[in-house]
Amino acid sequence: MDTGTHVVMGVALGGIATLDPAVSSDPALFNAVLIGTLVGSQAPDIDTVLKLKNNAVYIRHHRGITHSIPAVLLWGISIPGIIYLFNPEVNFLHLWLWSFLAVILHVFVDIFNAYGTQAYRPISKRWVAYGFINTFDPYIFILHIAGIVAWNLGASPGMMWLIIYGVIAIYYVKRYFDKRELVRLIHENVDGVTQIATSPTIKQNIWRIAITTPEHYYVGRAENGHLKILDRFVNKPIDYDDPVVQKALTDQNIKAFLSFSPVYRYELSYFDEYTEVRFIDLRYRSRGRYPFVAVAQIDDEHGDNLKILNSYTGWVFTEEKLQNKLSPMESKS
């Protein structure tokens, strides 16, 4: 989920914690727990600071190891441990319980959007992305804001937040069945489907879809139960025997993209000074463009002595901006 939603979920969990008699009877413990749930609801996203280094490092690691099983355990003990150092009079067991739950909830809700997490590491490095809740879901966010307002107006937080989370749980079930129906619709209309990537939008009745078959990639949109194919591309395997492609695959930007994107196509463009290898994520079609890409420009004028001139991975919405990113000063290879 987005940062704002994680913040309000931390507040909500602090409210639910008032159902714990130890918390409700001890104002100092309640304050410590609220800090713990707020920090715990944000801690796994500390890897956002990797953006300061470059996009390749951020894309490769965001929602990776910081959302893994060992990291969840580490956050679960370190957050209440640090808080306890400043509040040694509070009950550590209850502080740990609610702080740990906040971390678990953060990772749990992240697996339901299209971005996903590597929540099963170190057991598996695969991305877990069920793709039926938007990264920012206005219904979930508004319910939390309403709960916070009601709490400030005097509503009893424990039962109120339990009711709100009961409604949210029902909403998750509804969206799960919405996706199941969408998958059924796709299988009825497209032959030989091997993979489906769904990306819900802010609008409940509209989904972005990327479909893989042995021969083609289909990019579509589902609206009100009707499937529309917008683009079709040949499913062309990566040519690992092409020296230019081999060189591009050594670039950190390309590696980061391939470690993250489950459905993409690639293309080669030939220019006088270089050959461009471009990988294009098919999940995020917007206004006829595919803004999430990885590009490497390879100097192939000197025989076997290939050189990566420039490279980039990230979001670009115009070709002009992409070429600006590929200037030598912006190269991240």
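What counts, and at which threshold
- Residues numbered from 1 in each chain as written.
- Predicted model: local features only at pLDDT ≥ 70, side-chain atom pairs only at ≥ 80, totals over all residues.
- Heavy atoms only, no water.
- UniProt positions renumbered as here; feature names shortened; annotations may be inferred.
- Helix = DSSP H or I, 4+ residues; strand = E, 2+ residues; numbered from the N terminus.
- Polar contact = N/O pair within 3.5 Å; in protein donor to acceptor, adjacent residues only side chain to side chain.
- Contact = heavy atoms within 4.5 Å.
- 1 Å grid on protein atoms, 1.4 Å probe; cavity = no way out; pocket = protein on both sides within 12 Å on 5 of 7 lines; lining within 4 Å.
- Points joined across faces, edges and corners; volume = space filled by probe spheres on them.
- Nonpolar A, V, L, I, M, F, W, Y, C, P; charged D, E, K, R; others polar.
- Salt bridge = Lys/Arg side-chain N within 4 Å of Asp/Glu carboxyl O.
- Buried < 20%, exposed > 50% of the residue type's maximum accessible area, 1.4 Å probe, protein only.
- Core = buried A, V, L, I, M, F, W, Y, C linked by side-chain atoms within 4.5 Å.

Focus: the UniProt feature "transmembrane region" (unreviewed entry) in the chain
So, step 1. If you check UniProt for "transmembrane region" (unreviewed entry), the listed places come out as residues 69–87, 93–115, 127–153 and 159–177 in our numbering.
So, step 2. Between the first and last C-alpha atoms of residues 93–115 the distance is 34 Å; the span itself is 78% helix and 0% strand.
So, step 3. Across residues 159–177, the secondary structure splits into 100% helix and 0% strand, with the terminal C-alpha atoms separated by 27 Å.

Points about the side chain of Asn113
So, step 1. Its location among the elements puts Asn113 in the loop between α6 (92–110) and α7 (138–152).
So, step 2. A polar contact of 3.5 Å, which involves the side chain of Asn113, links it to the backbone oxygen of Asp110.
So, step 3. Those residues within four positions of Asn113 in sequence are excluded, and the remaining contacts are Met1, Arg63, Ala129, Tyr130, Gly131, Ile133, Asn134 and Thr135.

Some points on empty space enclosed by the protein
So, step 1. Counted according to the given criterion, the structure contains 1 cavity of 30 Å³ or more.
So, step 2. Approximately 40 Å³ is the volume attributed to the largest cavity.
So, step 3. As for the largest cavity, its lining consists of His6, Met9, Leu13, Ser41, Ala102, Leu105 and His106.
So, step 4. Looking at the lining of the largest cavity, the elements that each hand over two or more residues are α1 (3–16) and α6.
So, step 5. In the lining of the largest cavity, the residues fall into 4 nonpolar, 3 polar and no charged.

Overview of unusual backbone geometry
So, step 1. Between Arg121 and Pro122 the backbone carries a cis peptide bond, its omega angle lying at 5 degrees.
So, step 2. Relative to the assigned elements, Pro122 resides in the loop between α6 and α7.
So, step 3. One non-glycine residue, Asn224, lies in positive phi territory at about 55 degrees.
So, step 4. On the secondary structure map, Asn224 appears in the loop between β3 (216–223) and β4 (226–234).

Looking at the pattern of salt bridges
So, step 1. Per the stated rule, a full pass over the model turns up 11 salt bridges.
So, step 2. Across the pair Asp178 and Arg175 runs a salt bridge whose closest N-O atoms are separated by 3.2 Å. Note that Asp178 and Arg175 are positioned in helix α8 (residues 157–189) at a spacing of 3 residues, about one turn of the helix.
So, step 3. Under the relative-accessibility criterion, Asp178 is labelled partly exposed at 25%.
So, step 4. When its relative accessible area of 1% is taken as the criterion, Arg175 is described as buried.
So, step 5. Taking the shortest distance from any N to any O, the salt bridge between Asp231 and Arg285 comes out at 2.9 Å.

Section: the layout of surface pockets
So, step 1. What the largest pocket holds in volume is close to 810 Å³.
So, step 2. Along the wall of the largest pocket there are 31 residues; nearest its centre are Tyr58, Arg63, Tyr115, Thr135 and Trp315.
So, step 3. Broken down by secondary-structure element, the contributors of at least two residues to the lining of the largest pocket are α4 (55–61), β1 (195–200) and β8 (307–315).
So, step 4. For the lining of the largest pocket, the element with the most residues is α4, which contributes 3 residues.

Quick word on the nonpolar core
So, step 1. Formed by 52 residues in total, the largest nonpolar core has its most connected members in Ile133, Trp161, Tyr165 and Tyr172.
So, step 2. Listed by contribution, the elements that provide at least two residues to this core are α1, α3 (27–40), α5 (69–86), α6, α7, α8, β2 (206–212) and β3.
So, step 3. Here the element with the most residues in this core is α8; it accounts for 9 residues.
So, step 4. Contact partners of Tyr165, with chain neighbours within four places excluded, come to Met9, Ala12, Ile16, Leu105 and His144.
So, step 5. Within the second largest apolar cluster, 24 residues are counted, among which are Tyr58, Leu249, Tyr284 and Ala294.

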